[in-house]
Each structure stands twice: as C-alpha cells, then as structure tokens.
Amino acid sequence: MILSGTVIADSETVIDDGSVVVEGSRIEAVGRRSEIRAQYSDREERSYDILLPGLVGGHLHSVQSLGRGIADDSELLDWLFEFILPMEASLSADEMEIAAKLGYLELIESGTTTCIDHLSVNHAERAFEAAGEIGIRGLLGKVLMDRRSPDGLAEETDDALAETERLIREYHGSFDDRIRYAVTPRFAVSCSEECLRGARELADTYDGVRIHTHASENRSEIETVEANTGMRNIHWLDEVGLTGEDVVLAHCVWTDESEREVLAETGTHVTHCPSSNMKLASGIAPVMDYLDRGINVALGNDGPPCNNTLDPFTEMRQGSLLQKVDRLDPVAAPAEEVFEMATINGANAAGFEKLGALREGWRADVIGVTTDVTRGTPLHDPLSHLVFAAHGDDVVFTMVDGEILMEDSEVTTVDADALRERANGVGLSLEEHRDAAAEVRP
Ligand SMILES: [Zn+2]
C-alpha cells in the first residue's frame, strides 16, 4: 500500500508531495511521490492531506474513562481519594473492559497509536484483551497498591507481585508484540518498600518489561513520601531501584537539582502531562530544564477525569504554551520540540524500537490528518498546524503495524456506537467506597 500526502517523517523532515510505502507491518520506503509511484506502480494508493507517525501517549489511564467530569476542580489527593480510587474499587470486570475500550477508541480516533497505560488493581486482563482486540500498541500494567490503599484495591504484597508475574507471562509480547508489560506501582505513597523493590526484580527478570509509575506530581505527595522515608521522592525511588533506562515516571513536577541529576544520570524517562498538571493545579514541570540535561521527556494526557480529553493534539499545544508562559520566553518549546515529545521521545520511553518516525524499515504506525477545515486554511507550515491548530477530530486515518484501525474517521476494529451505548449504561457507585478511601488518605 502507498500512502501519499505531505509527509512529516520526523520533526526535521517534511516532504511536501511525498509517499510512504507500507509492506506488512513495516515501512518499506519513504520519499517523493513521483519517485515512489514510478518504483511501486502496482501498489494501491491512498491520499491524505498530512501523514505523520502515530502519536505516543506517554502516560494514560484508559480504565478511568467512565469518570470523565466526576472530579473537576480538585487537587490531586482529594481527586484521588474522594473520586478515583472509589471509582476504580467499584468497577466490575465488564465495566473495566468498557472503560478501557472507550479509552482506546478515543485514542485511535484522535491519532494516538501507542499508549503507556496505567490500569487498575483489579481486572487488568480485561484491558489487555481490549487493547489486543482493538489493535492499539501499548505498554500496559496492572496497578500495585499495598499500603495506604482502601479496601477493594489494597492487596497483600506477595499477591500483588504474583498477579503481576502471571500477567507478564500471559501478555508481555502478546498480540504480535504490540502489547508489552510495564510493572506499575501506583506511586510511592501507596506502595511499601518491599513492593517497590519487587517491581524492580520483576522488570529485571523478564526481558523488555519496563516500570511505569507516578512521581513528584504534587507537593502533598512529596511531603508524604519524605515523612515516610526521610528522602526526597526521586532519591527514594532511586534507592529502591525505580530509576533507569527502563523506567517511565509520570509528571516529575516537583524535583530539586539533586533529583534532576539522578534522573539524567540514570537515563530515566519522564512523561509530561501539561493539561493534567494544570487542571489539578499541580504545578509546571521543568520540561525545558529536563531536555537541556538530556532527559528523555514524553507527552501524555493522563486520565479522562483529570484532563478531560485524550486528544494528543491538545496536549502538544498545551505542552508548548505552558513552557512559554513559565519561562516568559516565546521561543521555549517550539513545535518541533513538542512534536518530538509526542512521537520519538514517547516511543523511546515505551521501549518500542524503530517507532516514532516514518523511516524505511520502521514500524508502520501512521496517521492521516485532514486540513480541509477552516482552521487549516491557508496552510503555511504543516508542523505548526499540527501542534498549534489541529484537533484530534482532524485525524481521518489510523494505522498500527500496517493494519488499518480507522478509515474515513470510522474505527474498524470496534463497534463505536454500541460501545458508547454500553458506557452510557454504567452507573458509577462511588459512595460505598468513599469511607474506606477516606480512612487511608494521607
Ligand atoms: Zn496518572
């Protein structure tokens, strides 16, 4: 198959009248359309306004999709203990599957082809199956919580680690290696030292398994960790083995100089979630400082109850604007830089090699965007358009591993109308789990 249009192969390579040749799950060639057409004259061709690498959501909670709009205007720990943990504790296996599918549907519709997904404690296998079935690429993990955790979510440490190991064996490398495993402690507040060290052991035992957790998102969180351990959060995570080239830390808003040195020295990946950080009033992550230090920074939406969309284009825009206003510097976080965060940096964080750019031999994860909209007219600079003007709704075509998941804006791998109807039918029952969550709130 040949995909033609303005090809944004990476942040520095724009081919105005270009083509991408897809063979199986890989990209066979990228180049000028006239040359590609001459060489591959027998191939079917499809045309789009802009073609780009599928975007990478570096931190997500698909299973929170049913809670959009239930927890506006609250800060992290209130948000978590009054709304989110009670919701996660209350969801049945079927409801967890609906939530995960709804999340993946929204991602595919708006151009995210790879996600780093923080599931919940219970029923994680339903999300793995949903991701496999829908066709998205992902680094997924069941959540670990063994202290300061409410009934319904709290687990014995050994049980939590044993269930993680079972899921690794079942799903790591599954669905043609589109699905991989990340051991996923919720955050240091909810996890014992034994649990965190156990997470590291599992990641070391299984080749390619990574670690994904939240870190230093909020000031109350880091104060709680410091009161418990006597250490700054990143130093504590480093002490128990949760830093390194296989570790993705979401947020890292509140880090001091010495913690940033640890992140840089260990090659730890950071996922910046600008909308979530703004909405929960968490703070502004020092993204430009991280990038200056050579830290790999990806971009993420976080969950629907703290964003409240999974639109990756919104996140690129917010990611740029927030750094500009923080630094009072209009050249901070230009389009090229946030585009890299949403593509190649995210791919590096997720650990999928040959992903995040359109290059010969790389994975065929491609999206097509229409510019036939008023805000796309006239189109002076395609990359600027994608970062500052485009919406997820402008995505009309999504391909993962050479498989078409959405065409003409219709997702082909799930019945979207039926899924939305099922999601509308779920009644959340937070009240019965609120008291248990309040008891363990820091
Ligand atoms: Zn999160």
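Reading the values: the criteria
- Residues numbered from 1 in each chain as written.
- Predicted model: local features only at pLDDT ≥ 70, side-chain atom pairs only at ≥ 80, totals over all residues.
- Helix = DSSP H or I, 4+ residues; strand = E, 2+ residues; numbered from the N terminus.
- Rg over C-alpha atoms; globule rule 2.2 N^0.38 Å.
- Core = buried A, V, L, I, M, F, W, Y, C linked by C-beta atoms within 7 Å.
- Buried ≥ 20, exposed ≤ 12 C-beta atoms within 10 Å, placed from the backbone.
- Domains from an automatic or database assignment.
- Contact = placed C-beta atoms within 7 Å.
- Pairing = 2+ DSSP bridges.
- Right-handed = clockwise from strand over helix to strand, strands pointing away.
- Axes fitted to C-alpha atoms, helices over the stretch in contact; angles between N-to-C directions.
- Parallel < 35°, antiparallel > 145°, perpendicular 65-115°, else oblique.
- Left-handed = near helix turned anticlockwise from the far one by under 90°.
- Nonpolar A, V, L, I, M, F, W, Y, C, P; charged D, E, K, R; others polar.

Observations concerning the overall build of the protein chain
Here's step 1: When helices and strands are counted, the protein chain shows 18 helices and 17 strands.
Here's step 2: Taking 22 Å as the expected radius of gyration for a compact globule of 442 residues, we find that the protein chain reaches 21 Å, a close match to that expectation.
Here's step 3: Along the longest, intermediate and shortest principal axes, the C-alpha atoms of the protein chain span 65 × 45 × 40 Å.

What about the nonpolar core?
Here's step 1: Val20, Leu51, Tyr104, Ile108, Ala127, Ala131 and Leu140 are the most contacted members of the largest nonpolar core, which totals 132 residues.
Here's step 2: Two domains each provide a minimum of three residues to this core, namely domain 1 (2-53 + 366-400) and domain 2 (55-350).
Here's step 3: When near neighbours in sequence (up to four residues on either side) are disregarded, Leu51 contacts Leu3, Gly5, Val7, Ile8, Val20, Val366 and Gly368.

Section: the pairing of strand S11 (residues 247-251)
Here's step 1: For S11, a buried count of 5 out of 5 residues is recorded, marking the element as mostly surrounded by other parts of the structure.
Here's step 2: Pairing between S11 and strand S12 (residues 269-272): 3 bridges, direction parallel. Following the sheet pairing, Ala250 is matched in S12 by Thr271.
Here's step 3: Viewed along the sheet, the connection from S11 through helix H10 (residues 257-266) into S12 turns out right-handed.

Regarding the sheet that holds strand S3 (residues 26-32)
Here's step 1: Spatially, the 8 strands line up as an open sheet ordered S3-S2-S1-S4-S14-S15-S16-S17, and their pairing is mixed. Every interior strand has two partners, whereas the edge strands, S3 and strand S17 (410-411), have only one.

Concerning the environment of Gly427
Here's step 1: Following the sequence through the fold, Gly427 ends up in the loop between helix H17 (416-424) and helix H18 (431-439).
Here's step 2: In this structure Gly427 comes out as exposed when scored by C-beta crowding, with 8 C-beta atoms within 10 Å.
Here's step 3: In this structure, the C-alpha to C-alpha distance between Gly427 and Gly173, residues 254 residues apart in sequence, is 34 Å.

Details of the packing of helix H5 (residues 157-171) against helix H7 (residues 193-205)
Here's step 1: Two numbers describe how H5 lies on H7: the axes approach to 10 Å, and their chain directions differ by 20°. Our classification of the angle between H5 and H7 gives roughly parallel. For the pair H5 and H7, the crossing hand works out as right-handed. Within the contact between the two elements, H5 uses Thr157, Ala160, Leu161, Thr164, Glu165 and Ile168 and H7 uses Glu194, Cys195, Gly198 and Leu202.
Here's step 2: Of the residues in the contact of H5 with H7, the class split is 5 nonpolar, 3 polar and 2 charged.

Concerning the pairing of strand S10 (residues 210-215)
Here's step 1: Summarising burial for S10: 6 of the 6 residues are buried, a large majority.
Here's step 2: When strand S9 (residues 179-185) meets S10, the two strands line up parallel, connected through 2 bridges. For Ala182, the partnering residue across the bridge sits in S10 and is Arg210.
Here's step 3: One crossover worth recording links S9 to the parallel S10 by way of H7, and it is right-handed.
Here's step 4: As defined by bridge partners, S10 adjoins S11 across 5 bridges and the pair is classed as parallel. Bridging across to S11, Ala215 finds its partner in His251.

A look at the environment of Glu439
Here's step 1: In this fold, Glu439 is placed in helix H18.
Here's step 2: Through-space distance from the C-alpha of Glu439 to that of Val183 is 27 Å; in sequence the pair is 256 residues apart.

Notes on the domain arrangement of the protein chain
Here's step 1: Taken domain by domain, the protein chain comprises domain 1 (2-53 + 366-400) and domain 2 (55-350).
Here's step 2: The centre of domain 1, based on its C-alpha atoms, is set 30 Å off from the matching centre of domain 2.
Here's step 3: Facing 15 residues of domain 1, the contacting portion of domain 2 comprises 22 residues.
Here's step 4: Elements with a contribution of two residues or more to the side of domain 1 that touches domain 2: helix H16 (382-389) and strand S15 (395-400).
Here's step 5: Among the residues making up the side of domain 1 that touches domain 2, the classes are represented as 9 nonpolar, 5 polar and 1 charged.

Considerations on the packing of helix H3 (residues 93-110) against H17
Here's step 1: Axis separation between H3 and H17 bottoms out at 10 Å; the angle between their running directions is 135°. One way to sum up the angle between H3 and H17 is to call them oblique. The handedness of the crossing between H3 and H17 comes out as left-handed. Contacts between H3 and H17 pair Ile98, Lys101, Leu102 and Leu105 from the former with Ala416, Leu419, Arg422 and Ala423 from the latter.
Here's step 2: Each residue belonging to the contact of H3 with H17 can be placed in one class, and the counts come to 6 nonpolar, no polar and 2 charged.

Points about unusual backbone geometry
Here's step 1: In this chain, Asn307 is followed by Asn308 through a cis amide linkage whose omega measures 5°.
Here's step 2: Note that Asn308 resides in the loop between strand S13 (297-299) and helix H13 (312-327).
Here's step 3: Omega for the peptide link from Thr377 to Pro378 comes to -10°, which places this bond in the cis form.
Here's step 4: Considering the arrangement of structural elements, one finds Pro378 in the loop between strand S14 (366-369) and H16.
Here's step 5: Even without a glycine there, the phi angle at Asp73 is positive, about 60°.
Here's step 6: One can find Asp73 in the loop between strand S5 (55-60) and helix H2 (76-90).

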